[in-house]
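Commentary on secondary and tertiary structure
For reference, the chains in residue letters:
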Amino acid sequence: MPTGPALRRAAVSLYGASFGSIGLCIVLWLRAKTVDQDERGNAERRALFVGLWPPMFWLIGDAVHRAGHRR
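To start, this report covers the structure provided alongside it. (Residues numbered from 1 in each chain as written. Predicted model: local features only at pLDDT ≥ 70, side-chain atom pairs only at ≥ 80, totals over all residues. Heavy atoms only, no water.)

Taken as a whole, this structure holds two salt bridges when the rule is applied. For Arg-66, the salt bridge goes to Asp-62, with nearest N and O atoms at 3.3 Å. Residue Arg-66 and its partner Asp-62 are both found in helix H3 (residues 53–70); the two are separated by four residues, about one turn of the helix. Classification of Arg-66 by relative accessible area gives exposed; the value is 52%. (Salt bridge = Lys/Arg side-chain N within 4 Å of Asp/Glu carboxyl O. Helix = DSSP H or I, 4+ residues; strand = E, 2+ residues; numbered from the N terminus. Buried < 20%, exposed > 50% of the residue type's maximum accessible area, 1.4 Å probe, protein only.)

See the structure below:
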């Protein structure tokens, strides 16, 4: 079982993944505007799918962070 400091480091990594996925979503959304009309729907759906990741990563990071403080 990981100790408190290891859990806190994992939480920071998950917070970083949350912010990183926000950036990835923005990049994919901007890229969707540069493709032709036939591919635009798929590109926008991909950006929206990635846009669902930040809250998940943030909440998992928050749960891991709280678990690290309990130890």
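What follows is about the packing of helix H1 (residues 4–32) against H3. Where H1 meets H3, the closest approach of the two axes is 8 Å, and the angle between their N-to-C directions is 165 degrees. As summarised for this structure, H1 and H3 are arranged roughly antiparallel, according to the angle between their axes. Note that H1 runs across H3; the crossing there is left-handed. Considering only residue class, the contact of H1 with H3 consists of 16 nonpolar, seven polar and two charged. (Axes fitted to C-alpha atoms, helices over the stretch in contact; angles between N-to-C directions. Parallel < 35°, antiparallel > 145°, perpendicular 65-115°, else oblique. Left-handed = near helix turned anticlockwise from the far one by under 90°. Nonpolar A, V, L, I, M, F, W, Y, C, P; charged D, E, K, R; others polar.)

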